[in-house]
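For reference, the chains in residue letters:
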Amino acid sequence: MLFAINLLPLMASTAGAGAASQAASELDRLLRQREYLELESALQTSQNLSRQDRAFFRAVLANRTNHIDQSIRQLQALIPQLSKSGRTDRATIALHTLGDDYLKSFRYADAQKTYADLLLHFGTSMSPAERDEVQSTEAVLQLLGNAPPQTVQVRAPSTIRSRTNKLGLIELPVQVGKNSDFWVLDTSANFSYVTETVARRFGLRASSGTASAHGISGVRMSLRTAVIPELRLGRATVCNVVVMVVPDEALYFAPLQWQLHMLLGRPVLSALGRITFHADGRFSVEKSSKAKPVRSNLLMEEFPLVVVKHNGKELLFAFDTGASQSILNPKYYYLFQSEFAGRPLDPQTVAGGGGSQTQLVYHLSQVTLSLGGASVTVPDVAVVTSSFPSGVSNFYGTIGQNVLRLFRRYTVDFHSMRFTAETAGNTGERKADSPHP
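Residues numbered from 1 in each chain as written. Predicted model: local features only at pLDDT ≥ 70, side-chain atom pairs only at ≥ 80, totals over all residues. Heavy atoms only, no water.

1. Notes on the overall build of the protein
Reasoning step 1: Each helix and strand in the protein was counted, giving 11 helices and 25 strands.
Reasoning step 2: For the protein, with 437 residues in total, the buried portion stands at 57%.
Reasoning step 3: The contacts in the protein between residues at least 6 apart in sequence include a share of 66% that link residues at least 24 apart.
Reasoning step 4: Split by element, the accessible area of the protein, about 18200 Å² in all, is 49% carbon and sulfur. (Helix = DSSP H or I, 4+ residues; strand = E, 2+ residues; numbered from the N terminus. Buried < 20%, exposed > 50% of the residue type's maximum accessible area, 1.4 Å probe, protein only. Contact = heavy atoms within 4.5 Å. Areas by Shrake-Rupley, 256 points an atom, 1.4 Å probe, with all protein chains shown as cover.)

Put into structure tokens, the structure is as follows:
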């Protein structure tokens, strides 16, 4: 992930109300800790929940499983009840989730009003970091105003040729008007991004006002918003694509002396439905599967989450095509802390748009991960022990390009919420020669 505005629903630290059942309190704990797999299982087996308890958890999980319309309907009915009952912790989560629903359905004015209400009613109870994130999001949405909703038309299945840049990231040829350029794919970016240079070349009308967002280094960057009337990718046409217009230096990678100009974010990629990446560089857009999976292994916050099996456990990892390297997060470190006894901590610098950040990390010589029906062994994996200023830190790790390159092909179906992968010959596991591009 290069960077993304953090739109994660706030997890208030307030304990469950005294009248709440023990089962409901346990579900609140799982939600605060983003343990969505355990939350879904516990919700199915809990018998002594009130109607309001069950409705609340179902509405939040509907958001995480990308059933956006269902989540909106349930939350609109539920939020007044939560406010009257004094459950400010749940009301906060519900409002933030509803704002995220509106944003994902391109209802920008509704999203802005919801985040403004969140700040008005619960801003004083938030931590400074939480309040700052909500204020940044609301400011971006103010710039969008009455921007038209994004729409997509996939005329037929198509396959185009991608390329890999010097960061090891995938780039796709995208047509905007008469301009054909390669854009970096970043599933963890809430919006698409272009530099001011590209915005001028495209003839985009950027907003007169500005907002700001955090880069991966934690440095704030100024941005404006614009709308691309039509963007073509293969046989797919995406209309009214919102982009963040940032100064060129915000996407400059100084250690590599490399300038990124265009980044295609999750709203466009997920609108395509079912996308497949092939090891030989082909990128396919296909019809989504009509068959409902027995169990989805793909979830969504402001970025996709994929179920990863490791050491007999199912763990949620961020799925980030905009990350060249995969990492393991503090949640992994604390879960498997015994693995690190006697190991040294080493400094590691992570570069991103606008700067870099150095942290002390452990290194594991190799880690075997299973996801999407395939198993791969990844060498030299960094384990971070303190959180980056990013929502991905709430999960066990990030699946980046050094893992994804090990698959012969992998498919992300945003409609059925299913991730599938194959290794070479679809037999056995594949081992990387090097973690570097």
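Past the structure itself, the notes keep going.
2. Re the pairing of strand β24 (residues 418-422)
Reasoning step 1: As judged from the five bridges shared by strand β23 (residues 409-413) and β24, these two strands associate in the antiparallel manner. Within β24, the residue paired with Y410 across the bridge is A421.
Reasoning step 2: In textbook terms, the turn of a hairpin is the stretch between consecutive antiparallel strands, and for β23 and β24 this stretch comprises four residues, one of which, M417, has a positive phi near 55 degrees. (Pairing = 2+ DSSP bridges.)

3. Quick word on empty space enclosed by the protein
Reasoning step 1: Summed over all chains, the structure comprises six cavities of 30 Å³ or more.
Reasoning step 2: In this structure, the second largest cavity occupies an estimated 90 Å³ of space.
Reasoning step 3: What lines the second largest cavity is simply L103, F106, Y108, Q150, N190, F191, S192, V241, V242, R266, P267 and V268.
Reasoning step 4: Looking at the lining of the second largest cavity, the elements with two or more residues in it are β9 (236-246) and α9 (266-271).
Reasoning step 5: With three residues, the top contributor of residues to the lining of the second largest cavity is α9.
Reasoning step 6: Its residues assigned to classes, the lining of the second largest cavity shows eight nonpolar, three polar and one charged. (1 Å grid on protein atoms, 1.4 Å probe; cavity = no way out; pocket = protein on both sides within 12 Å on 5 of 7 lines; lining within 4 Å. Points joined across faces, edges and corners; volume = space filled by probe spheres on them. Nonpolar A, V, L, I, M, F, W, Y, C, P; charged D, E, K, R; others polar.)

4. Some thoughts on the packing of aromatic side chains
Reasoning step 1: In total, this model carries 19 aromatic pairs according to the counting rule given.
Reasoning step 2: Clustering of aromatic rings is evident, with ring pairs tying together F277, F283, F319, F407, Y410 and F419.
Reasoning step 3: Its guanidinium or amino end placed over the ring of F182, R163 lies 3.9 Å from that ring's centre, counting from NZ or CZ. (Phe/Tyr/Trp six-rings, centres within 6.5 Å; stacked < 30°, edge-to-face > 60°. Lys NZ or Arg CZ within 6 Å of the ring centre and 35° of its normal.)

5. What to know about the sheet that holds β24
Reasoning step 1: Taking strand neighbours across the sheet as the criterion, the five strands line up as β2-β14-β13-β23-β24 in an open arrangement whose pairing is antiparallel. Looking at strand neighbours, the two that pair on one side only are β2 (158-161) and β24, the edges of this open sheet. The mean angle between the axes of side-by-side strands here comes to 15 degrees, regardless of whether they run parallel or antiparallel. (Axes fitted to C-alpha atoms, helices over the stretch in contact; angles between N-to-C directions.)

6. Details of the pattern of salt bridges
Reasoning step 1: Within this structure, the stated rule accounts for 19 salt bridges.
Reasoning step 2: Measuring nitrogen to oxygen at the nearest pair gives 2.6 Å for the salt bridge that ties R90 to D53. One end of the pair, R90, is in helix α5 (residues 88-104); the other, D53, is in helix α3 (residues 51-64), and 37 residues separate them in sequence.
Reasoning step 3: Take R90: its relative accessible area is 1%, and that puts it in the buried class.
Reasoning step 4: Residue D53 is classed as buried on the basis of its relative accessible area of 8%.
Reasoning step 5: The salt bridge involving K113 is made with D117; its shortest N-O contact spans 3.2 Å. With K113 and D117 both in helix α6 (residues 108-122) and four residues apart, this pair spans about one turn of that helix.
Reasoning step 6: Each member of the salt-bridge network shares a partner with another, and the members are D28, D53, R87, D89 and R90. (Salt bridge = Lys/Arg side-chain N within 4 Å of Asp/Glu carboxyl O.)

7. Regarding the environment of S375
Reasoning step 1: Inspection of the secondary structure assignment puts S375 in strand β21 (residues 374-384).
Reasoning step 2: Take S375: its relative accessible area is 17%, and that puts it in the buried class.
Reasoning step 3: Separated by 65 residues in sequence, S375 and H310 have C-alpha atoms that sit 9.7 Å apart.
Reasoning step 4: A polar side-chain atom of S375 sits 3.4 Å from a polar atom in the side chain of S370. (Polar contact = N/O pair within 3.5 Å; in protein donor to acceptor, adjacent residues only side chain to side chain.)

8. Here's the deal with the side chain of N240
Reasoning step 1: Its location among the elements puts N240 in strand β9.
Reasoning step 2: Within the structure, N240 has its side chain in polar contact with the backbone oxygen of P149 (distance 3.1 Å).
Reasoning step 3: Beyond its immediate chain neighbours, meaning those up to four positions away, N240 contacts P148, P149, Q150, V227, I228 and P229.

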